[in-house]
Amino acid sequence: MIKLGHRGYSDKYPENTMMAFKAAINGNFDGVETDVQLTKDNQLVLIHDETINRTSNGRGYVKDHTYQELCKFNFNYRFKNVEAKIPLLAELLDYCYGKDVILNLEIKTDKIQYPNIEQMTYDLVKEKGMLKQVMFSSFHLDSLLKLRSIDPDLYLGYLFEDDYQKNKELVLKHHFHCHSKYVFLNEQEIKDYLKHHLDVNTWTVNDEEIKDFLLEAGVKTIITNKDI
Ligand code: G3P
Ligand code: CA
């Protein structure tokens, strides 16, 4: 089973920072999951929310700040006395280059559809020569369809957390890998995806017993905050 650090090793380090990514990669994780968004000056940055309010000492939308402006804020959410800046996707890719590490890049377009973010993300990963170690995922169907039209060989995972039957049908119809929230998965459901030659990569699994059940049932990847 593959174990990816959700926003890095976010149980112990500020989420979506190089600190959290390095801790996961140099620790017991096989790689990391992270969230890609776009700044005002078209830089690909890694942050979960569309605003910086929760995770930094700044305010406002990511899309309304330039990267240099964002660099002035401390993204040390939950961890006092730590200095952490917002990472560029390029920094994470450079750090992982040549390492046996899997990256799950979530294109965060379910609330804001950043123009061209799919092509930009693809181009950067391709330029770095890292397409083989990246899973692309999104809650936003259009982003996955755009990525597929850019390169039909990409590893694409459809994220969903509600409307199970409707979303399952979409997964099967488009032949995306299943990136469902784990609560929907039972042995039969997992079998069903496997029968269609689709991987099941699920989140956010922070419990050892649930992890063991999913492993036994054939889940390929868990995305977890914890070193379980
Ligand atoms: O990739 C799984 C997970 O990251 C999706 O949920 O809200 O943490 O981005 P969220
Ligand atoms: Ca995510």
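In the nomenclature of an unreviewed UniProt entry, the protein chain corresponds to Glycerophosphodiester phosphodiesterase from the organism Candidatus Erysipelatoclostridium merdavium.

(A) Highlighting the coordination of the calcium ion (ligand 2). All of the protein donors around the calcium ion (ligand 2) are Glu 33 (OE), Asp 35 (OD) and Glu 106 (OE); their distances to the metal are 2.1 to 2.2 Å. Mapped onto the polypeptide sequence, the residues donating to the calcium ion (ligand 2) form the spacing pattern E-x1-D-x70-E. Residue Glu 33 is classed as buried on the basis of its relative accessible area of 5%.

(B) View of the packing of helix α4 (residues 117-127) against helix α5 (residues 141-150). Two elements in contact, α4 and α5, have axes whose closest approach is 9 Å; the angle formed by their N-to-C orientations is 50 degrees. In terms of orientation, α4 lies oblique with respect to α5. The hand of the α4/α5 crossing is right-handed. Taking contact as the criterion, the partners of Glu 118, Gln 119 and Tyr 122 in α4 are, on α5, Ser 143, Lys 146, Leu 147 and Ile 150. Class assignment for the residues of the contact of α4 with α5 results in 3 nonpolar, 2 polar and 2 charged.

How each quantity is defined
- Residues numbered from 1 in each chain as written.
- Chains lettered and ligands numbered in written order.
- Predicted model: local features only at pLDDT ≥ 70, side-chain atom pairs only at ≥ 80, totals over all residues.
- Heavy atoms only, no water.
- Donors = N, O, S within 2.8 Å, 3.2 Å for Na, K, Ca; no water.
- Buried < 20%, exposed > 50% of the residue type's maximum accessible area, 1.4 Å probe, protein only.
- Axes fitted to C-alpha atoms, helices over the stretch in contact; angles between N-to-C directions.
- Helix = DSSP H or I, 4+ residues; strand = E, 2+ residues; numbered from the N terminus.
- Parallel < 35°, antiparallel > 145°, perpendicular 65-115°, else oblique.
- Left-handed = near helix turned anticlockwise from the far one by under 90°.
- Contact = heavy atoms within 4.5 Å.
- Nonpolar A, V, L, I, M, F, W, Y, C, P; charged D, E, K, R; others polar.

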